[in-house]
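# Summary of the model geometry
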Amino acid sequence: MSKTDFGPSIKSRPVYGVLTPRPGSSHLIVADGEGGAAVEALFAQAPEMKAKAHLIYIPGANGTDMSTAMAALGAGQYNRAPTYASVRSRIVKVLGDGHMGLQVYATGTESLMGQVQRDAMEAGLPHDAVQTEHRGSLARRVQCVHCKGITENVTTDPFVCSHCGLNLFVRDHYSRRLAAFQGVNIDAEDPGEVPPAEERFK
Amino acid sequence: MSVGAAKIPVVVTEVVEVNSLIKRFRFVREDGGQMPGFSGGAHTVVEMDDAGTRRLNPYSLMSDPGDRSGYEISVRRDDTGRGGSAYMHREVRPGMKMLISPPVNLFGLDLRAKKHLMIAGGIGITPFLAQMAQLDAMGARFELHYAARDRELGAYMPELSARYGDRVHRYYDAEGQAIDLTTLLAGQPLGTHLYVCGPKGMIGWVLKTAADLGWPAGAVHSEEFLAPPVGVPFTVELAASGKTITVGAAQSLLEAIEAAGVDAPYLCRGGACGQCETHVIACEGEIEHNDHWLTDDQKAGCRHIMPCVSRFKGAKLVLER
Ligand code: FES
């Protein structure tokens with residue numbers, strides 16, 4: 001069970017667990033922000049997995065940076081990256097070269113976990129083969145259903161689409177393929193009648 | 001198939017002796033029409049009238065899913081079983097009319113896979129014959145590892161090698177050949193899905209080895225039809241229909257319910273699909289759970305039974321049926 005309480009929701013909303021060491025030939029671990037603490041907890045449970053682990057760490061968009069601690073954990077291979085987009089081709093390559101038995105772990109924000117899951121699925125793994133653990137910010141990656149543009153790190157609801165400028169209501173409706181929640185225009189019928197933005201995803 | 005789905009009246013057009021234990025049967029529709037489409041891994045339930053005993057046995061469809069002109073199955077004769085396979089071998093001849101169910105697939109391919117790795121033991125080859133035809137037509141990547149007791153009993157091996165070349169790997173127990181499973185599974189590219197069909201021991205070995213090597217459960221698929229075991233006759237009360245019936249030694253509980261004229265749901269008749277699950281109202285005795293469906297907790301709880309394969313020993317069993 002997830003350590004974060006997301007409250008009741010619809011079935012499409014992803015749920016997360018707690019990282020547990022699994023048998024495997026190698027381990028790909030991707031973390032952002034506060035997710036670094038979950039990696040520490042994982043390695044503490046099974047120090048023997050470190051040698052076969054490839055750890056990729058991305059400092060949080062909220063400023064949390066555990067990279068010094070991550071570099072010192074002793075993973076067989078360690079990479080630090082500024083954003084998921086900047087390290088995606090490396091992750092896709094590791095998955096593409098990998099063999100069955102490779103374990104995939106993702107921890108930190110929902111945006112990070114969703115994108116790791118999407119890339120693992122594109123590599124042919126079942127979606128539930130990726131272990132996840134939510135840590136830190138609740139900020140969401142949201143697709144505007146109108147212009148299809150994706151806005152990262154959405155913390156308020158409603159928010160303004162960073163691509164087309166519409167006022168979007170953030171739904172719990174989630175796409176695993178896009179690794180994004182869906183944002184729907186909130187003032188389509190009465191343009192300009194927009195409720196005040198609330199900080200729902202701190 | 002279960003209640004409501006119309007059976008397909010068919011004519012047997014071919015009966016071929018594949019080897020000393022296996023015969024192949026081809027069915028076409030009596031009305032000359034096309035068979036329903038199916039995907040590789042699907043089975044049909046064949047209805048038999050064995051000297052007054054109605055038998056319904058599931059068999060995997062082995063023909064090419066692209067061929068809607070007929071269905072083919074292969075039946076291995078089991079001389080110690082309840083008689084369904086013996087009936088097929090002994091009585092079924094070209095020209096005979098039979099009833100079969102529309103296809104049901106409980107062992108489908110996951111087409112999101114980057115590669116399909118199939119492991120077959122003996123007659124467990126049949127669903128893979130249809131799956132390979134389907135994958136080959138799609139240009140998908142697959143590999144078969146097929147073990148049989150000896151060359152004589154390795155049904156379809158030469159044909160498969162001729163058609164699919166080095167994608168087919170053959171192993172003969174009698175010649176001391178065995179699948180090097182650990183090496184095989186460890187070397188598969190990420191995104192491979194694993195399928196196994198064969199004897200119980202082989203399925204257990206493959207599932208355990210895959211789990212130990214870190215294969216995710218969602219990438220591993222298996223199919224084993226259980227034949228309802230022969231047992232001691234017992235009595236059952238059917239509460240909803242107000243009947244008390246006796247289940248014979250070579251009869252399954254499901255067959256006894258049907259013989260009493262009570263409609264009961266089913267799909268696989270082999271303890272795998274869950275369709276026949278029935279509530280137990282009262283149980284003074286012990287249910288012999290033979291299915292792959294109920295959880296261990298449910299089995300211990302005496303509240304559920306799978307009538308297609310499970311039996312009972314004791315004073316009283318009342319079912320909500
Ligand atoms: S009919 Fe499938 S489990 Fe009984």
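Residues numbered from 1 in each chain as written. Chains lettered and ligands numbered in written order. Predicted model: local features only at pLDDT ≥ 70, side-chain atom pairs only at ≥ 80, totals over all residues. Heavy atoms only, no water.

### So, the overall build of chain B
Note the cut-off: Each helix is a run of H or I in the DSSP string that is no shorter than four residues. Each strand is a run of E no shorter than two, and both are numbered from the N terminus. Atoms counted for the radius of gyration: C-alpha only. Globule rule: 2.2 Å times the number of residues to the power 0.38. Each residue gets one of three labels from its accessible area relative to the maximum for its type: buried under 20%, exposed over 50%, partly exposed in between, using a 1.4 Å probe on protein chains only. Whether two residues are in contact is decided by their heavy atoms, any of which lying within 4.5 Å being enough. Here the Shrake-Rupley method, with its probe set to 1.4 Å, supplies the accessible areas, and only the displayed protein chains count as covering residues. Think of it this way: Lys and Arg go in the positive column, Asp and Glu in the negative one, and His and the chain ends go nowhere. Just so you know, the charge point we use is NZ for Lys, CZ for Arg, CG for Asp and CD for Glu.
Scanning chain B from terminus to terminus reveals seven helices and 17 strands. Expected size for 321 residues packed as a compact globule is a radius of gyration near 20 Å; at 20 Å, chain B falls within 12% of this value. The dimensions of chain B, computed from C-alpha atoms along their principal axes, are 60 × 50 × 35 Å. Within the span of chain B, comprising 321 residues, buried residues form 52% of the whole. For chain B, contacts bridging at least 24 residues in sequence account for 67% of all contacts bridging at least 6. As displayed, chain B has an accessible area near 13,400 Å², and 50% of this comes from carbon and sulfur atoms. Charge-centre separation for chain B: the mean point of 33 positive side chains lies 2 Å from the mean point of 38 negative side chains.

### A look at the interface of chain B and chain A
Which entries qualify depends on this criterion: Accessible area that two parts lose when put together, evaluated with a 1.4 Å probe and summed over both, is termed the buried area. Here a polar contact means two N or O atoms within 3.5 Å. Within protein one must be a hydrogen donor candidate and the other an acceptor candidate, and residues neighboring in sequence count only if both atoms are side-chain atoms. Side-chain classes are defined by residue name, with Ala, Val, Leu, Ile, Met, Phe, Trp, Tyr, Cys and Pro counting as nonpolar, Asp, Glu, Lys and Arg as charged, and the others, Gly among them, as polar.
With 19 residues of chain B at the contact, the number on the chain A side is 15 residues. The junction of chain B with chain A conceals about 1,200 Å² of combined surface from both sides, 63% of it contributed by carbon and sulfur atoms. On the chain B side of the interface with chain A, the three residues burying the most area are Leu190, Gly214 and Pro216 of chain B, jointly 45% of the side's total. Summed over the shared surface of chain B and chain A, the result is four residue pairs in polar contact (both at pLDDT 80 or more). Elements represented by at least two residues in the side of chain B that touches chain A include exactly helix 4 (181-186), strand 11 (192-197) and helix 5 (200-212) of chain B. Looking at the side of chain B that touches chain A residue by residue, the classes come out as nine nonpolar, seven polar and three charged.

### Details of the environment of Phe312 of chain B
All names here are of chain B. Residue placement: Phe312 occurs in strand 17 (residues 311-319). Taking relative accessible area as the criterion, Phe312 reaches 2% and is therefore assigned buried. Taking the C-alpha atoms as reference, Phe312 lies 24 Å from Asp79; in sequence the two are 233 residues apart. With residues up to four places along the chain from it excluded, the contact list for Phe312 reads Phe234, Thr235, Cys283, Glu284, Gly285, Glu286, Ile287, Glu288 and Leu317.

### Regarding the domain arrangement of chain B
Residues and elements named next belong to chain B. The condition is simple: The domain limits used here are those given by an automatic or database domain assignment. Just to be clear on terms, a salt bridge is a Lys or Arg side-chain nitrogen sitting within 4 Å of an Asp or Glu carboxyl oxygen.
According to the domain assignment, chain B consists of domain 1 (8-105), domain 2 (115-223) and domain 3 (234-319). When each unit is reduced to the centre of its C-alpha atoms, the spacing between domain 1 and domain 2 is 24 Å. Listed as interface residues are 18 residues of domain 1 and, on the opposing side, 15 residues of domain 2. Here domain 1 packs against domain 2, burying approximately 1,400 Å² in sum over the two surfaces, 58% of which is carbon and sulfur. Among the residues domain 1 hides against domain 2, the three largest losses belong to Asn19, Ser60 and Met62. Together they make up 29% of the total. Along the contact surface separating domain 1 from domain 2 lie zero salt bridges.

### What about the nonpolar core?
Buried together is how nonpolar side chains tend to be arranged in soluble globular proteins. All names here are of chain B. Under the convention used in this document: Only buried residues count toward a nonpolar core. Its members are Ala, Val, Leu, Ile, Met, Phe, Trp, Tyr and Cys residues joined through side-chain atoms within 4.5 Å.
Of all hydrophobic cores here, the largest spans 40 residues; its most connected members are Ile119 and Leu194. Those residues within four positions of Leu194 in sequence are excluded, and the remaining contacts are Leu117, Ile119, Leu185, Val206, Ala210, Trp215, Ala219, Val220 and His221. In this structure, Met118, Leu135, Ala155 and Cys197 belong to the second largest nonpolar core, which totals 27 residues.

### Some details on the packing of aromatic side chains
Worth spelling out the cut-off: Each aromatic pair joins two rings of Phe, Tyr and Trp (for Trp, the six-membered one) with centres within 6.5 Å, and gets the label stacked for planes under 30 degrees apart, edge-to-face for over 60, and tilted for any other angle. Here, a charge over a ring means that NZ of Lys or CZ of Arg falls within 6 Å of the ring centre while also lying within 35 degrees of the ring normal.
Per the counting criterion, the structure on display carries seven aromatic pairs over all chains. Put simply, the rings of Phe107, Phe128 and Tyr195 of chain B touch in pairs and so form one group of aromatic residues. The ring of Phe6 of chain A has Arg13 of chain A sitting right over it, with the charged end atom 4.4 Å from the ring centre. The residue whose ring lies beneath Arg269 of chain B is Tyr266 of chain B, and the NZ or CZ to ring-centre distance is 4.3 Å.

### Some remarks on the domain arrangement of chain A
All names here are of chain A. We note that the domain assignment places domain 1 (26-134) and domain 2 (140-199) within chain A. On the domain 2 side, the residues contacting the nine residues of domain 1 number 10 residues. Each partner contributes to the roughly 760 Å² buried at the junction of domain 1 and domain 2, and carbon and sulfur atoms together form 51% of this total. Considering only the surface of domain 1 that becomes buried against domain 2, Glu110, Ser111 and Arg118 emerge as the three largest contributors, covering 46% of it. Across the contact surface, domain 1 and domain 2 share zero salt bridges. Across the contact surface, domain 1 and domain 2 share two residue pairs in polar contact (both at pLDDT 80 or more). Residue classes in the side of domain 1 that touches domain 2 are distributed as two nonpolar, five polar and two charged.

### A closer look at the packing of helix 2 (residues 126-138) of chain B against helix 3 (residues 157-164) of chain B
Residue and element names in this part refer to chain B. As a reminder of what qualifies: Note on definitions: angles span 0 to 180 degrees between N-to-C directions of axes, and those axes are lines fitted to C-alpha atoms, for helices only across the stretch in contact. In what follows, roughly perpendicular refers to angles from 65 to 115 degrees, roughly parallel to angles under 35, roughly antiparallel to angles over 145, and oblique to any angle outside these ranges.
It is at 12 Å that the axes of helix 2 and helix 3 come closest, and there the two elements cross at 10°. Judged by the angle between their axes, helix 2 and helix 3 are roughly parallel. Side by side, helix 2 and helix 3 meet where Leu129, Met132, Ala133 and Asp136 of the first sit next to Leu160, Arg163 and Tyr164 of the second.

### Quick word on the environment of Phe159 of chain A
Residues and elements named next belong to chain A. Tracing the backbone shows Phe159 in strand 9 (residues 159-160). Accessibility expressed as a relative area gives 8% for Phe159, which makes it buried. When sequence neighbours within four positions are dropped, the list of residues in contact with Phe159 reads Val142, Thr151, Val154, Leu166, Asn167, Leu168 and Val170.

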